[in-house]
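Now for the letters of each chain:
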Amino acid sequence: MRRITVVVVLVALLLAPGILAAQMQGGGKGQQMRTQMHANMGMMADMMAKMYEMMNRGKATSEQWQEMMDIMEQMIQMMKEMSVPHGGQMQEQHQTQLQEMSKRLNAFYENVVR
């Protein structure tokens, strides 16, 4: 019985560094994905604030309103995708889409809020 205990303890000691390293790597990757998702959510919040401001001003043309509606639809779809666990590739795809949407929005934002 004592031999089994010693063997179990030795195996645990030998495996512990590998397990800890794997958890740290996985944890780092998970942390990176959470950080990216938070950044994406921040970009969405910024765009929503701009759209809210433009809607309150009431100066947007019908084309600009349609552009804002299109952007909102894309953001709704993204939020649905974010509600289901995905890998880091989805977060990167969302970041790229958000950057493109932000450029589209910024193209007419200054003209509307002046």
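Residues numbered from 1 in each chain as written. Predicted model: local features only at pLDDT ≥ 70, side-chain atom pairs only at ≥ 80, totals over all residues. Heavy atoms only, no water.

Observations concerning the overall build of the protein chain
Item 1. Across its full length, the protein chain holds 3 helices and 0 strands.
Item 2. The N-to-C order of helical and strand elements in the protein chain reads α-α-α.
Item 3. Considering only contacts in the protein chain between residues 6 or more positions apart, those separated by 24 or more positions represent 77%. (Helix = DSSP H or I, 4+ residues; strand = E, 2+ residues; numbered from the N terminus. Contact = heavy atoms within 4.5 Å.)

Notes on the packing of helix α2 (residues 62–82) against helix α3 (residues 88–113)
Item 1. Where α2 contacts α3, the two axes come as close as 11 Å, and the packing angle between them is 160°. Judged on the interaxial angle alone, α3 and α2 are roughly antiparallel. Every pair of crossing elements has a handedness; the one defined by α2 and α3 is left-handed. Side by side, α2 and α3 meet where Q64, E67, M68, D70, I71, Q74, M75, M78, E81 and M82 of the first sit next to M90, H94, Q97, L98, M101, R104, L105, F108 and V112 of the second.
Item 2. Looking at the contact of α2 with α3 residue by residue, the classes come out as 11 nonpolar, 4 polar and 4 charged. (Axes fitted to C-alpha atoms, helices over the stretch in contact; angles between N-to-C directions. Parallel < 35°, antiparallel > 145°, perpendicular 65-115°, else oblique. Left-handed = near helix turned anticlockwise from the far one by under 90°. Nonpolar A, V, L, I, M, F, W, Y, C, P; charged D, E, K, R; others polar.)

Concerning the packing of aromatic side chains
Item 1. What the rule picks out here adds up to 0 aromatic pairs.
Item 2. When the ring centre of Y109 is taken as origin, the NZ or CZ atom of K50, which lies over that ring, is 5.1 Å away. (Phe/Tyr/Trp six-rings, centres within 6.5 Å; stacked < 30°, edge-to-face > 60°. Lys NZ or Arg CZ within 6 Å of the ring centre and 35° of its normal.)

Describing the pattern of salt bridges
Any two side chains of opposite charge can pair, given that their charged atoms come close.
Item 1. All told, the structure shown has 2 salt bridges when counted by the stated rule.
Item 2. The salt bridge partner of R57 is E53, with a shortest N-O separation of 3.4 Å. Of the two residues, R57 and E53 are both situated in helix α1 (residues 2–57); the distance of 4 residues between them amounts to about one turn of the helix.
Item 3. When its relative accessible area of 42% is taken as the criterion, R57 is described as partly exposed. (Salt bridge = Lys/Arg side-chain N within 4 Å of Asp/Glu carboxyl O. Buried < 20%, exposed > 50% of the residue type's maximum accessible area, 1.4 Å probe, protein only.)

A short note on the nonpolar core
Item 1. Of all hydrophobic cores here, the largest spans 17 residues; its most connected members are M47, M51, M54, M68, M75, M101 and L105.
Item 2. Residue assignment for this core shows that the elements contributing at least two residues are α1, α2 and α3.
Item 3. With residues up to four places along the chain from it excluded, the contact list for M54 reads K59, M68, L105, F108, Y109, V112 and V113. (Core = buried A, V, L, I, M, F, W, Y, C linked by side-chain atoms within 4.5 Å.)

Quick word on the confidence of the model for the protein chain
Item 1. Model confidence for the protein chain is summarised by a mean pLDDT of 77, while 72% of its residues fall at 70 or above.
Item 2. Of all secondary-structure elements in the protein chain, the lowest mean pLDDT belongs to α1, at 66, while α2 reaches the highest, 91.
Item 3. Between residues 5–25, whose pLDDT stays under 50, and residues either more than four places distant or in other chains, the model counts 0 contacts. (pLDDT = per-residue confidence, 0-100.)

Details of the environment of M47
Item 1. Looking at where M47 falls in the secondary structure, it is placed in helix α1.
Item 2. With 54 residues separating them in the primary sequence, M47 and M101 have C-alpha atoms 8.6 Å apart.
Item 3. The contact partners of M47, leaving out residues within four places of it in the chain, are M75, L98, M101, S102 and L105.

Regarding α3
Note that an α-helix has 3.6 residues per turn; residues three or four places apart therefore point the same way.
Item 1. Taking 1.5 Å as the rise per residue, α3 with 26 residues should run 38 Å; its terminal C-alpha atoms sit 36 Å apart, in good agreement.
Item 2. Along α3, the sharpest change in direction is near 30° and occurs at A107.
Item 3. Within α3 the residues assigned to the buried category are M90, Q91, H94, L98, M101, S102, L105, F108, Y109, V112 and V113. (Expected span 1.5 Å × (residues − 1). Bend = angle between axes of the 7 residues up to and from the residue.)

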